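# Breakdown of the fold
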Amino acid sequence: MRSHFERGSTIPPERKQLPSEWRQPETRAVVLAFRQARAERAAAQAGLNQALPNCGAAIVQLEAERQRRAEAAERQAVLQQRALDHIPMAFGEWLQHSDHQDHSHFQRTADESWTAHRERILPLLRQIVSRLAPEPHPAEAIHVVTERCYAALKAQVAKHEQQAEDAERHALETVISTLIAELPQRLDDEALAFFRAVKADAENAQQAKQWVLEALSESLCRRLQEAGYTTPPTPERLDAAARRCYEPVMAQVAAREAQKQAERERAAAEDAERQRLLAVDLHALERDRAQWQMELEALQRARPPNAVQLATHWAGLTPAQAHRQTAHRQLEAVTDAFHGWNHSAASWFGLKRGERQEWEQRIQHAEDAAAQAEHDYAAAQQRFHELLPAARDAVQRQAEQRQQQAAALQQRIDECEELMNHAARVQFEARGQHLPQWPSSKPRPPTPRG
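It should be emphasised that the depicted structure is a prediction, and the values quoted were computed from it without experimental measurement. (Residues numbered from 1 in each chain as written. Predicted model: local features only at pLDDT ≥ 70, side-chain atom pairs only at ≥ 80, totals over all residues. Heavy atoms only, no water.)

## Examining the overall build of the protein
Across its full length, the protein holds 14 helices and zero strands. In the protein, the succession of α and β elements from N to C terminus is α-α-α-α-α-α-α-α-α-α-α-α-α-α. The buried share of the protein, reckoned over its 450 residues, is 24%. In the structure as shown, the protein presents an accessible area of about 31,500 Å², 54% of it carried by carbon and sulfur atoms. (Helix = DSSP H or I, 4+ residues; strand = E, 2+ residues; numbered from the N terminus. Buried < 20%, exposed > 50% of the residue type's maximum accessible area, 1.4 Å probe, protein only. Areas by Shrake-Rupley, 256 points an atom, 1.4 Å probe, with all protein chains shown as cover.)

Shown next as C-alpha cells:
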C-alpha cells in the first residue's frame, strides 16, 4: 500500500487507532465524522473543479471586476460630493446677490434666538438641499450640506443684522445730535410748560424722569420715521438713546428756566426801579445836591494844616518860647532896677544892707525863673523835633481824609445827579412832558480868595 506522499495527496493521513480506542463509542464517532467531512470536502472540490476548470484565472477576473466597480463607485461618490459641495456655494452666492426681500423669511425676528432660528430654518434648508442634491443622496451627506448652508445663511443674516444695527446706530446718533442741536430753538414756552406740568403732576422725581424719557423716545421714533427708517429700534436701544438725551435736555431746560427766571426778575427789578424813580422827590434831591456842593467847595477852600505848626502845638513850643521871653524881660527889668538903685545915693557907704539883700534875692529868683524857662524851652524844642515826623504823618493822613471826603462828596453828588436825571426822565415820560436839562455841578477850582 502506497503512502500519501507517494500518491501525491495533500490530505493529512488519519491517525491510527488502537483497538481499545476504536471500541470506545466516542472515539469511533469522532473518526467516522471526520471521514464523512473529508468525503464531503472531496466531493465539493470535485464539483468546483468541474465548474471552474481554471480557478486562479476566475479569481483574477473577479478581482479586476471588483476593482472596476470600486473605481466607478468612487468616481460617482466624487461627482456626488462635488454636486453636494456646490449646493452651499450656490446658496451663499444667491444670498449675497439676491434682494433682501427674496429671503426675508430666512431672517431672524426681533425676539428670536439663534437656537430657535436654527430649529425653524433647518427643515426648510433640508428640503431645499434634498431637491437640489443628485440621487441617491445619503442622509448623512444631506445633513452635512444642510449644516453648511445654514452656516452660510447664519453668516449672511449676522452680517445683515450688523449692517442694520450700524445703520440704526448711525441714524440714532444723527437724530440725537440733531435733537440736542435744535434744543435752543425748540425750547419755547409750550415746551417749557410741558416740563413744568411733568414736574408738577409727577409724584416723585423718578416718575417725572420716566415721563420725560417716554416723551424723548417718542420724539426719537418720530424723527427716525421722518428720516426714512420704518422699522423702529428695539426698546432697549431706544431707551438707551433717550437716556443719552436726558441730561442735555434737562440741562437746556434748566438753563432756559433760569434765563426766564432772570428775565422775570429783571423785569420785576426794572418795574420796582421805575416805581422807585416815580416816587423820588426831585426838589429834595436838588436841595441835598446843593448842600453837598457847598460842603465840597468849603472843603476845597480850607487850607491843609502845616506839619511844623502841628508839631509846635503838640510840643508846646510857642508857650515855652513866650515864657522864656517873659522870664528874660523880667530878669532884665530886675537887673536894670537893681543897677539904678545901686548907683543911687541910697546904696552909698553900705547903707540899707537889708534892701541890697532883697535886691539880690529878687535877681536870683529872676535868674532861676529865666534858667527854668530856658530849660523848658530846650525841652519843648526837643519834643518838637521828636514829634515832627508824627506831625507830618498826621498831616498826610488829614490830607488823605480830606481827599476821601471830597471824593465821597463828589460821588454822592454824581449819584444824586444821575438819580435826578433818571427820575426826571421817568417821571416826565410818565406825564408825557419834555425832559428838562439839569445843570452840571462839577466842583470849581478854589480861587485865591476862596
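After that view, the rundown keeps rolling.
## Some details on the environment of P184
Structurally, P184 is set in helix α7 (residues 183–186). Owing to a relative accessible area of 34%, P184 belongs among the partly exposed residues under this scheme. As a C-alpha pair, P184 and R256 span 72 residues in sequence and 8.2 Å in three-dimensional space. In contact with P184, not counting residues within four places along its chain, are Q252 and R256. (Contact = heavy atoms within 4.5 Å.)

## Observations concerning the nonpolar core
Grouped together as the largest cluster of nonpolar side chains are 25 residues, with contacts concentrated most on F195, V212, L216, L220, C245, V249 and V253. Elements with a contribution of two residues or more to this core: α6 (139–181), α8 (189–201), α9 (205–226) and α10 (235–278). When residues no more than four places from it in sequence are discounted, the contact partners of L220 are V175, I176, L179, L238, A241, A242 and C245. In this structure, V280, L296, A406 and V426 belong to the second largest nonpolar core, which totals 16 residues. (Core = buried A, V, L, I, M, F, W, Y, C linked by side-chain atoms within 4.5 Å.)

## Digging into the packing of aromatic side chains
Evaluated as defined, the whole model comprises one aromatic pair. Ring centres of F194 and F195 lie 5.4 Å apart, and the angle between their planes is 70°; on these two criteria the pair is classed as edge-to-face. Here F194 falls in the partly exposed class, since its relative accessible area comes to 37%. The side chain of K209 reaches across the aromatic face of Y246, ending 5.2 Å from its centre. Taking the ring centre of Y377 as reference, the NZ or CZ of R324 above it sits at 5.0 Å. (Phe/Tyr/Trp six-rings, centres within 6.5 Å; stacked < 30°, edge-to-face > 60°. Lys NZ or Arg CZ within 6 Å of the ring centre and 35° of its normal.)

## What to know about the packing of α8 against α10
Running from N to C, α8 and α10 point in directions that differ by 110°, and their axes come no closer than 11 Å. With respect to their mutual orientation, α8 and α10 come out roughly perpendicular. Only V249, M250, V253, R256, E257 and K260 of α10 make contact with α8, whose side of the interface consists of D189, L192, F195 and R196. Among the residues making up the contact of α8 with α10, the classes are represented as five nonpolar, no polar and five charged. (Axes fitted to C-alpha atoms, helices over the stretch in contact; angles between N-to-C directions. Parallel < 35°, antiparallel > 145°, perpendicular 65-115°, else oblique. Nonpolar A, V, L, I, M, F, W, Y, C, P; charged D, E, K, R; others polar.)

## Quick notes on α9
For α9, spanning 22 residues, the distance from its first C-alpha to its last is 32 Å, which sits close to the expected 32 Å at 1.5 Å a residue. Regarding α9, the residues found buried are A208, V212, L213, L216, S217, S219, L220, C221, R223 and L224. By the N-cap criterion, in which a side-chain oxygen at the helix start approaches the backbone nitrogen of a residue two or three places on, α9 is capped by N204, the distance to Q206 being 3.4 Å. Just downstream of α9, G228 is the residue with a positive phi angle, here 105°. (Expected span 1.5 Å × (residues − 1). Polar contact = N/O pair within 3.5 Å; in protein donor to acceptor, adjacent residues only side chain to side chain.)

## Thoughts on the pattern of salt bridges
For the coordinates displayed, the defined rule picks out nine salt bridges. Among the ionic pairs, R68 bridges to E65, the shortest N-O distance being 2.2 Å. With a gap of three residues between them, R68 and E65 both fall in helix α4 (residues 55–97), about one helical turn apart. Taking the relative accessible area as the measure of exposure, R68 reaches 47% and is therefore partly exposed. A single network of salt bridges, built from pairs that share partners, joins E65, R68 and R69. (Salt bridge = Lys/Arg side-chain N within 4 Å of Asp/Glu carboxyl O.)

## A look at the environment of E386
Along the chain, E386 falls in helix α14 (residues 353–431). Residues E386 and A315, spaced 71 residues apart in sequence, show a C-alpha to C-alpha distance of 8.8 Å.

## A closer look at the packing of α8 against α9
The relative placement of two packed helices is expressed as an angle between their axes plus a distance between the axes. Here α8 crosses α9 at 145°, and the two axes come no closer than 9 Å. In this structure, the crossing between α8 and α9 has a hand that is right-handed. Side by side, α8 and α9 meet where F194, F195, V198 and D201 of the first sit next to A208, W211, V212 and A215 of the second. When the residues that make up the contact of α8 with α9 are grouped by side-chain class, the tally is seven nonpolar, no polar and one charged. (Left-handed = near helix turned anticlockwise from the far one by under 90°.)

## Focus: the confidence of the model for the protein
Confidence along the protein averages 77 in pLDDT terms, with 78% of residues attaining 70 or more. Highest mean pLDDT in the protein belongs to helix α11 (residues 282–301) (87); lowest belongs to helix α1 (residues 4–7) (65). Contacts for the low-pLDDT stretch residues 442–450, under 50 throughout, to residues beyond four places or in other chains number 11 contacts. (pLDDT = per-residue confidence, 0-100.)

## Observations regarding helix α13 (residues 317–342)
An α-helical turn contains 3.6 residues, so a residue and the one three or four places further along point in the same direction. Helix length check: α13, at 26 residues, gives a terminal C-alpha distance of 37 Å against a target of 38 Å (1.5 Å per residue), a fit within 8%. For α13, the set of buried residues is L317, A320, A327, L331, V334, F338 and W341.

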